[in-house]
Structure formats: C-alpha cells, structure tokens
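Notes for the structure review
Spelled out, the chains give:
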Amino acid sequence: MSLTRRTTTSLLKPLTTTTSLLTRRPYSTDNSTPITVETSVPFTGHNCDPPSRSITTTPSELMTFFTDMSLMRRMEIAADSLYKSKLIRGFCHLYDGQEAVCIGMESAITKKDCIITAYRDHCIFLGRGGSLLESFAELMGRQDGCSRGKGGSMHFYKKDAGFYGGHGIVGAQVPLGCGLAFAQKYKKDESVTFAMYGDGAANQGQLFEALNMAALWDLPAILVCENNHFIVEGVEFVDVRERDPIERIRKLILAHDLATEKELKDIEKQARKQVDEAIAKAKESPMPDESELFTNVYRKGYGVEVDGMDAFAVKQACKFAKEHALKNGPIILEMDTYRYHGHSMSDPGSTYRTRDEISGVRQERDPIERIRKLILAHDLATEKELKDIEKLARKQVDEAIAKAKESPMPDESELFTNVYRKGYGVESFGADRKELRATLP
Amino acid sequence: MATNLKKLGSILTKQASLVRRLSSSPSLASDGANGKSINLYTAINQALQIALDSDPRSYVFGEDVGFGGVFRCTTGLADQFGKHRVFNTPLCEQGIVGFGIGLAAMGNRAIAEIQFADYIFPAFDQIVNEAAKFRYRSGNEFNCGGLTVRAPYGAVGHGGHYHSQSPEAFFCHVPGIKVVIPRSPKEAKGLLLASIRDPNPVVFFEPKWLYRLAVEEVPEGDYTLPLSQAEVIREGSDITLVGWGAQLAVMEQACIDAEKEGISCELIDLRTLIPWDKETVEASVRKTGRLLISHEAPVTGGFGAEISASIVERCFLRLEAPVARVCGLDTPFPLVFEPFYMPTKNKILDAIKDTVNF
Ligand SMILES: Cc1ncc(C[n+]2csc(CCOP(=O)(O)OP(=O)(O)O)c2C)c(N)n1
Ligand SMILES: [Mg+2]
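Residues numbered from 1 in each chain as written. Chains lettered and ligands numbered in written order. Predicted model: local features only at pLDDT ≥ 70, side-chain atom pairs only at ≥ 80, totals over all residues. Heavy atoms only, no water.

Description of the site of ligand 1
Every one of the 20 residues lining ligand 1 counts as a neighbour, but Tyr 119, Arg 120, Asp 199 and Gly 200 of chain A together with Glu 93 of chain B are closest to it. More than one chain reaches ligand 1: the nearby residues come from chains A and B. Contact distances for ligand 1 include 3.4 Å between an oxygen atom and a side-chain N or O atom of His 343 of chain A. Taken by itself ligand 1 offers 580 Å² of open surface, and the protein chains cover 96% of this. Broken down by class, the residue content of the shell around ligand 1 amounts to nine nonpolar, seven polar and four charged. (Near = heavy atom within 4 Å. Polar contact = N/O pair within 3.5 Å; in protein donor to acceptor, adjacent residues only side chain to side chain. Areas by Shrake-Rupley, 256 points an atom, 1.4 Å probe, with all protein chains shown as cover. Nonpolar A, V, L, I, M, F, W, Y, C, P; charged D, E, K, R; others polar.)

Structure representation (structure tokens):
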C-alpha cells in the first residue's frame, strides 16, 4: 500500500490496458504532458478567496479518474443487484453519482491524511486503496471483508490508509474527525483530516460543536459536506429558498407594479456595494484581542462551495483546503453533488423526484461523462477504448464477487469477539447460561 | 463452544422463519373488536389522526413525517391537518425532543417521532435531564406532560447494528417518564392514544417488525387502553412468562409448544414498563410459582433484571425455581448471526422446561 500521492496508479489492478491505450496516443510519449482544464462553475469562497478555476492535469491523471470512477460506479451497481438477490443484508447506501468527490479528494491528498465518513462508504474505502474483494466480502458478511464480515455496508475501515470508517449515526463521525485532527497536529507531520458528512447531518448539533472545537484549537480539520440534496426522502434546503422573504416581497412589488425588475436589481447592487465598502473598511480595523478568542467562536468560519460533480474542482478545493487547514485551522467544503440511487435499498428513490430530474443530472453533470468528454476532446483515447475500460471494470467486479462468494461466513464464535479488548476474560452467556457460556477471547 | 453454537444455530435458523407470526395467533389478538382488519402502522396512523382531530393543540413532527415517515405511520396526516401541525424537522434528534418539551410546556400535545429507536440517543439528555425532571425540579410549576416520543424499536431479521436495538431499559431507569410498548395493532392504537393524553411525558416504542406483519381487527373510533396495567393474555398454571412488544409473539409460540409437552404457561403482556404493574405479575407468580422473562435487549441490566428482583422480593417463599431470563446476548446487536443473538422460541422453550423441571 503506497502512502504517497496517487496520481498515476489506478484502482484497476492491471494498468496495462490503460497504458497500452495511451501508447498509441500522441500524449503517450509523455503521460505527464500538462493539460489545463477549467472547472465548470466558479468556486464560492466564504471569508476566503476561493482557489483558481483553472487546473493543470495530465493525460494519465485523466485516464485514472475515468478508470477509477468507472470501477466505483460498477461496484455500486453490482451491490444494488446483490442486495436485490438477498446476498447483502442489512442497510446498504450507494454512492453512484457522487464519485467525483471521492476521486478528486484522493488525488489532492496522501494516505497520511485521514478520512472519516458516514454510512455511504464503499467508494471512499476503494479510493483509499481498499480492494473489491474486501468490499464485496464485507457487503455479504464474509470473513474476507475489510471488517471481517462484522460491519457490513455501513462499516468499512482501512487503518493502514487512514480511513476511520464507516459510521451509522448521522453526524457522529464529525467530532471524531476533530479528535483525529488534534492528534495529527501533535504529530506535526503536515497531515489533515477530511471529516465527511451529508446535507442532512449538517443539521445535527454535534456538527456545530465539532466545528467550534476545531476552530478553537486551530485543528487541521476539513469538514466536507457532501450536499447531494437529499436527506432520506428529500427534505431540502430548497424548501427554504422557496420561502425566501426577499423573493416574496419581490413578487409583491412586481405584482403591484411598484418597481421594475431592473430597479429592484439596482437596489440589490447598491446593497452589495454598501456591504463591500463596509467590508473593506472593516478589514482595516485591527484584530480582536487574544482574550476574545473564546467569546466569538465563529471568528473562523471559512468555507468554499465546490461543484462536487467535477473531480477537478474537488481536487483543487481539497488541495486548497489542506493548505488552508494546516495554516489557519478548519474549513468547510460544500460539495454540490447528486445521488442517483434512493437513500438506501429500501427507498426506490423515485417518489420525491422525477425521472427527468435524474436523467437531466446524468446528461449534464455526470462526473464520469465529464471526464470522458475531456479525454475525447484531448484525443487521449477513443470511445471504444473507454468502453473497453468500462468492460474491464465490469469484469473485475464480477470476478471479485465470485471470489467473495467463496469466502466463508465468520466463525460463530465471532459473535462474542471484539466486544472488549482481547484477554480481559469477560464472560458472555448464551440463553440458558450453561451450554453457551463462553469466555471472550 | 463453537460446535454448541453451530448446533443451536442450525436449529435457530430453521426456526427463524417460524417465529413472529403474530397475526394468525388467536389469543394474542385482543378480543371484542369489531372494526376493520388493519396492520400495526395503520393503527398508529389512526391513533395519530384521532389525536390531531380531537385536540386542536396537538402536533406531530419528526424526520420525514410530513411525507408519511419511513414506516408510513404518518401518511396523509400533513394533507389532512396542514403543514403547520404535521411537519418535518431537520435531522437533529436532540433538537426535536427539546423542541417538543418546550411545545408541551405551553400546554400542547407534542408528538415527536424519532425515526429509529437506535437514533434516540442524541436525544437522551433531553429526555432524561429535561423532560423527566421538569415537573419535579419546578415544584410542579411546569411540566411537559403533553410530550410523547414515538420510536420504532427491535429486530427485523437483518437490520444490523443501528436498525435493531431495543433501548427501553435505559429509559426505565428514569423516574418522571413513562415507557409504553404495544404488542399488536389494537393495543397500539389504544395505548398510543392513552400515552398522548397522559399528563406525563411518555416514550412509546413501536415494534417495527410487526408494522406490516401484525394484522387484527381494530375499532375504528376513539378509545384508550389503561397505562400501567398489565394484561394476562394466556392463562396457565405451571409458569408465568412476562414480556412486551414483538417478543410476545415469540413467547406465545413457545407456550403453544410447551403445552404439547404438558406444561401450562401463563403469558403476561406488561404493556407499560414504568411504572409497571407489579400486582398482576405477582398474583400470577403466586399462582404458578415460576417466572420467566424475555426481551430482545441484552440480558445484563435489561428490564428483566428489575422484574426478577421485584418478584423475588415479593414472592421469595413461593418460588419453586430461579427466575429465568431469556434475552438478547451481551453483545452489540450483530449483523451476522442475528438468530444466535435473539431470544428465539426454542431458547424460551428450553428455559421453560428447565424451570419447570428444576
Ligand atoms: C442520529 C441519526 N438519526 C437518523 C438516522 C437515520 N438516517 C440515516 S441516513 C439519514 C439521512 C442523512 O442524510 P445526509 O446527511 O444528507 O446523508 P446522505 O444520506 O444524503 O448521504 C437519516 C435520517 C441516523 N442514521 N442517525
Ligand atoms: Mg444528503
């Protein structure tokens, strides 16, 4: 497991196909010939200047993004059918649609950096270098799973790559991430923690507590909100936007013909100007006394809004955030993303949104399609070659599933292991307190 | 041990499909009903509908309840009563319950839903420190008696660590709240309405395994069932079995099997866990001389321990065998080997025989 920045390696083990594809291309002679790409939409910075929209990449990175995301997509689709054929039990939450967040983040950081996330964790595990076999075995509750079959879909972990898992309680992982970041700060090894959570989790009190602690102690913590716009059945912030008080008044004014749209826009422009002037002035005002550190906890509310469907935007933002966090403490990245599947396997995902909405996102914002277009535009591979990569991903997923199916179930005694640390001699009992008595190993 | 477990495991897995056929069981179904046959979540829905209809100062809220909730218990209520009375909250359990306490303190009926009992723990502080003690610490100046917290609890066969737990015992350690768990649709409707109207905060756990599975005739109108009153749902003379919620269906099966072997079991549904009906249980144990308690939560520190201790205090000289507890194992709720963990029919049957032949 290499702990270094992964720009050229791919999750797909036999890289040969990818490289051989490239040898027939003009860039092949130099896979690192820089290519400049522009993010689809600008970043929005909160209390900080956002990173630049233009990003330098290489042919090999583009190909890696495509290959890795294709593999993730295929893995999730396969998990969907395994669940439907009852080979996966428990709760299962899929990540397809959100791949760019994982891929972009991984390409900006190293395995010394930590990641902690919620239950939508399969692809994050893969991104950290986990294998397909470990994933599918875990999903099916087998011994070869990354958590020895005891965690299931929601509880993937990979300690050697700084992946702290896989948490079932919404929001609970974020304060843990702050603890990780504190430990990292002590080590002084320039590493940071990415604590990931959803737009639903953003409502939990723990999140604010965590952010406050992180700011108070200047922790190298990056809070990554994966805003996929759904919280189980689709309670969304958009609800709130519809009720925007300004929009209401705007409608009333227009309805009563009190001003034109243009005039209202001008008023807003004026407001903006006044605010900007005030900010400029405020910036000249001296910093507060150190003693005020504990009185104004939002002193450091930094953040960047990112197009989470664009792997390069994510990469750029994560690089930026890491530098920021090491220098200035916590920062929030809000990744605007989308999940194609329902919330979990018990949600068809079709009652609170239209098919058109989903296919619209697929057509216009799909993270893999975006990379495909870039590759084709730069003539790095043909459509057929990209299709072959996808076929290969499919084959590898199928092979991993076949292997995982051969992996045995955990031993029955595993029911009692890992409740406490080994060797504590704690007794656990079966029903009749006689036959099933066992001392925990 | 592994072999023992394996043996048991194969028995259990064969049995797993047999347990929990509540709907077909005649004696578990409450009698005298002449309403429609409905399942448990529909019964809950009816109770909420009646609560909202009969008291304009009642409110239903929680994660996704405006859409009907993940178990469909609140289907149609937002349409019928408006979004100002039946509404979605953000995803924040501590906030939900705290908000409910405030709402109830102003004299309203606040009916909060926690999506799964496993997610009630972020709200634990609000329930234990705020709701339960509001009346006491204000010398009765304030209370939040209008608060009812509903939460689906218990195993469903493959729910894993965080969709299966039975946290009732934590709350039974808290004077000031009531804990109620129904066993069937008709019970659920009457007990929920009683809980909503009770002048004390109530934590109401709903057996989610039975939401769709349990079907019985439920009166269509408004009715309540008394809290803190246990019910003898099967009479017998050799041993008393005490349980609540979904576990009663499993215990009932064990009673039927025991009867085939000539053992007559008395089965009691506790219905309200605190304050619980010691008299009914005591009277039964005085008659049978033996007691078995069964619950899904881990055995250590479970509410079975409390029942056992109280009954031993009251009936020590009358007991002919140690009190038996057939409960969940002392492990986290497992993803694999759920049947090993569960207090299944065969485990109960074994314990019945052991106790009777002590
Ligand atoms: C404390 C807690 N409350 C409720 C739940 C049930 N639940 C699981 S996921 C979820 C929605 C979370 O939405 P979001 O944070 O946006 O993440 P997403 O599923 O979109 O990735 C809910 C309510 C839970 N797991 N934990
Ligand atoms: Mg979300």
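That shown, we press on.
Focus: the side chain of Lys 315 of chain A
All names here are of chain A. Position of Lys 315 among the secondary structure elements: in helix α11 (residues 311–328). The buried category is assigned to Lys 315, whose relative accessible area is 11%. Ignoring sequence-local partners within four residues, the contact set of Lys 315 consists of Glu 61, Phe 65, Gly 104, Ser 107 and Ala 108. (Helix = DSSP H or I, 4+ residues; strand = E, 2+ residues; numbered from the N terminus. Buried < 20%, exposed > 50% of the residue type's maximum accessible area, 1.4 Å probe, protein only. Contact = heavy atoms within 4.5 Å.)

Focus: the UniProt feature "domain: Transketolase-like pyrimidine-binding" (unreviewed entry) in chain B
In the UniProt entry, the feature "domain: Transketolase-like pyrimidine-binding" (unreviewed entry) is given for residues 38–213 of chain B. Here residues 38–213 of chain B is 38% helix and 18% strand, with 10 Å between the C-alpha atoms at its ends. (UniProt positions renumbered as here; feature names shortened; annotations may be inferred.)

Examining the sheet that holds strand β2 (residues 58–62) of chain B
All names here are of chain B. What the seven strands build is an open sheet, ordered β3-β2-β4-β5-β7-β6-β12; its pairing is mixed. Strand pairing shows two members of the sheet lacking a second neighbour, β3 (86–88) and β12 (272–274), which therefore form its edges. Each strand of the sheet is rotated relative to its neighbour by a mean of 20 degrees, with strand direction disregarded. Set on the sheet, helix α4 (residues 93–105) makes contact with β2, β3, β4 (109–113) and β5 (147–153); between it and β2 the angle comes to about 170 degrees. In this fold helix α8 (residues 185–197) packs onto β4, β5, β6 (178–180) and β7 (202–207), with an angle of close to 165 degrees to the strand it touches most, β7. (Pairing = 2+ DSSP bridges. Axes fitted to C-alpha atoms, helices over the stretch in contact; angles between N-to-C directions.)

Some remarks on the domain arrangement of chain B
All names here are of chain B. Along its sequence, chain B is carved into domain 1 (35–219) and domain 2 (228–356). Once you take the C-alpha centre of each, domain 1 and domain 2 turn out to be 26 Å apart. In this complex, domain 1 contributes 29 residues to the contact, which on the side of domain 2 involves 23 residues. If you sort the residues of domain 1 by the area they bury against domain 2, Cys 172, Ile 181 and Arg 183 come out on top, with a joint share of 26%. Inspection of the region where domain 1 meets domain 2 yields three salt bridges. Of the charged contacts, one joins Glu 187 and Arg 271 as a salt bridge, the two residues approaching to 2.8 Å between their closest N and O atoms. The tally of links from domain 1 across to domain 2 stands at 11 residue pairs in polar contact (both at pLDDT 80 or more). If you list the elements that add at least two residues to the side of domain 1 that touches domain 2, you get α7 (168–171), β6 and α8. Taken together, the residues of the side of domain 1 that touches domain 2 break down into 16 nonpolar, nine polar and four charged. (Domains from an automatic or database assignment. Buried area = accessible area lost by both parts, 1.4 Å probe. Salt bridge = Lys/Arg side-chain N within 4 Å of Asp/Glu carboxyl O.)

Description of the coordination of the magnesium ion (ligand 2)
All names here are of chain A. Distances from the magnesium ion (ligand 2) to its protein donors, namely Asp 199 (OD), Asn 228 (OD1) and Phe 230 (O), fall within the range 2.0 to 2.2 Å. All donors of the magnesium ion (ligand 2) belong to a single chain; written as a sequence motif, their spacing is D-x28-N-x1-F. Linking Asp 199 in the loop between β6 (193–198) and α7 (205–216) with Phe 230 in the loop between β7 (221–227) and α8 (237–242), this pair joins segments that are 31 residues apart in sequence. (Donors = N, O, S within 2.8 Å, 3.2 Å for Na, K, Ca; no water.)

Comments concerning the UniProt feature "domain: Dehydrogenase E1 component" (unreviewed entry) in chain A
Residue and element names in this part refer to chain A. With numbering aligned to this structure, UniProt lists the feature "domain: Dehydrogenase E1 component" (unreviewed entry) at residues 68–230, 241–289 and 303–411. With 42% helix and 13% strand, residues 68–230 has its two end C-alpha atoms placed 25 Å apart. When the span residues 303–411 is considered, its composition is 59% helix and 10% strand, and the gap between its end C-alpha atoms is 47 Å.

A word on the nonpolar core
A general trend in soluble globular proteins is that nonpolar side chains are found buried together. Of all hydrophobic cores here, the largest spans 86 residues; its most connected members are Ile 44, Phe 205, Leu 270, Val 281, Leu 291, Phe 303 and Ile 307 of chain B. No other element matches helix α2 (residues 40–54) of chain B, which puts nine residues into this core. Lining this core are residues from two domains, each supplying at least three of them: domain 1 (35–219) and domain 2 (228–356) of chain B. For Leu 291 of chain B, the residues in contact, after removing those within four places along its chain, are Ile 239, Thr 240, Val 242, Val 281, Val 285, Ile 307, Ile 311, Pro 322, Val 323 and Ala 324 of chain B. With 74 residues, the next largest nonpolar core counts Ala 79, Val 101, Ala 108 and Leu 333 of chain A among its residues. (Core = buried A, V, L, I, M, F, W, Y, C linked by side-chain atoms within 4.5 Å.)

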